[in-house]
Amino acid sequence: MSVGLDIGSVTIKAVEIKSEGGRPVLKSAGIIGVKDLSIDRIQSNSEYVTVADTIKRLFAASKISSKQVNISLPESLVFTRSIKFPILTDQEIASAVKWQAEEIIPIPIKEAIFQHVVLERKENAQPPFVSVLVVAAPRALVEKYIKLLGMAGLTVVGVETELLALTRALSVPGQTIVILDLGAKSTNLGIIKNEKLVFTRTIPTAGDAFTRAVAQNFGVNTSQADEYKKTYGLSPSQLEGKVANAISPVFRIITENISKAVHFYQTDEGEEQPSLIEISGGTAGLPEINTTLTKLIGSEVVIANPFSKLVVDENTKQSLNPYAPLYSVAVGLALKEG
């Protein structure tokens, strides 16, 4: 059994996978709502207890049996950087990363936990090089997650970033794609080449900003604005396009940042245009979001379905499909191998 636990700011998602005949089979999946949750801001013991109890309820309701979990850290709280080295052995790369760490990580090395992944070796390039992805997280943040989940009766066996988990769940063999994880607080962008994460960006604009724009335009509270947003989204025909008009200026901020990030990647790496954009996260359910993004950026855009890589029984598939993008990080974490 393998469990992925994705603790977001407005929902917590859990997915349990088992292996049958060498294929990943979905055993359980569940989601529970929370209010403006941020683990890094938890201070008091009562706050820990409240969140731990919520996780316990989620596991009980979802009938998840395993107590060992893989977790993700928010992209906004970690540091991800791609570095090029001359052609080195794996051992030499590990040493080089440690030497470079002080320059690339904006926190003291003693206060950070970091890891690296070799992306590709280009021995025929001039000059030859190896590309390495370095990820660092504040040690205190990781310790908070471990404490919280310990109070929920769980053991953390794996920790990684949200985009690394999304890469595992949504990558397409042989293609370079863009993954957009549209949450409540931020939009995480990852470029995946040959099933490896090669480029990351965090855009501090997402679903909550859409809700605020609707609230201001319609003069309603955020709860009502959120319902308008979810119901009418970016549809130009619904409610005379008034909700779409309210959201559009904020949405354009995101699309402009996407275009800039992709252009930077292409220019810096000399790579071709990614062939596909996949949207995941809670805001992926916004009506007409994929068609609007296609028009603005000019690339094929689809709504992510992380369950496509799993064996899922028909009844479960029917019930989960409308919410599939919400589970992308949790599925990627559950697919993580020891």
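One structure accompanies this document, and this report is about it. This one's a predicted model, so the numbers in the text were calculated from it and none came from an experiment. (Residues numbered from 1 in each chain as written. Predicted model: local features only at pLDDT ≥ 70, side-chain atom pairs only at ≥ 80, totals over all residues. Heavy atoms only, no water.)

1. Observations concerning the sheet that holds strand β8 (residues 155–161)
Here is step 1 of the chain: Pairing in this open sheet of five strands is mixed, and the strands run β3-β2-β1-β4-β8 from one edge to the other. Of all the strands in the sheet, just β3 (23–33) and β8 have a single pairing partner and so form its edges. The average undirected angle you get between the axes of adjacent strands in this sheet is 25°.
Here is step 2 of the chain: Docked against the sheet, helix α3 (residues 139–151) engages β1 (2–7), β4 (68–73) and β8, running at close to 145° with respect to β4.
Here is step 3 of the chain: Packed on one face of the sheet, helix α4 (residues 162–170) meets β1, β4 and β8 and runs near 90° to β8. (Pairing = 2+ DSSP bridges. Helix = DSSP H or I, 4+ residues; strand = E, 2+ residues; numbered from the N terminus. Axes fitted to C-alpha atoms, helices over the stretch in contact; angles between N-to-C directions. Contact = heavy atoms within 4.5 Å.)

2. A few points about helix α5 (residues 207–218)
Here is step 1 of the chain: Over its twelve residues, α5 extends 17 Å from the first C-alpha to the last, a length consistent with the 16 Å expected when each residue adds 1.5 Å.
Here is step 2 of the chain: Every buried residue belonging to α5 is among Gly207, Ala209, Phe210, Thr211, Ala213, Val214 and Ala215, and all of these are buried.
Here is step 3 of the chain: Those residues of α5 hidden inside the fold are in contact with α6 (222–232) and α7 (242–269).
Here is step 4 of the chain: Gly219 lies just past α5 and shows a positive phi near 65°. (Expected span 1.5 Å × (residues − 1). Buried < 20%, exposed > 50% of the residue type's maximum accessible area, 1.4 Å probe, protein only.)

3. Things to note about the packing of aromatic side chains
Here is step 1 of the chain: Taken as a whole and judged by the stated rule, the model has six aromatic pairs.
Here is step 2 of the chain: Judged by centre distance (5.6 Å) and plane angle (55°), the ring pair of Phe307 and Tyr327 falls under tilted. Separated by 20 residues along the polypeptide, Phe307 in the loop between β13 (301–303) and α9 (314–320) and Tyr327 in the loop between α9 and α10 (328–334) bring together distant segments of the chain.
Here is step 3 of the chain: Classification of Phe307 by relative accessible area gives buried; the value is 7%.
Here is step 4 of the chain: Of the residues examined, Tyr327 reaches a relative accessible area of 3% and is grouped as buried.
Here is step 5 of the chain: Ring pairing ties together the aromatic residues Phe199, Phe264 and Tyr265, which thus form one cluster. (Phe/Tyr/Trp six-rings, centres within 6.5 Å; stacked < 30°, edge-to-face > 60°.)

So yeah, pure geometry; function would need other evidence.
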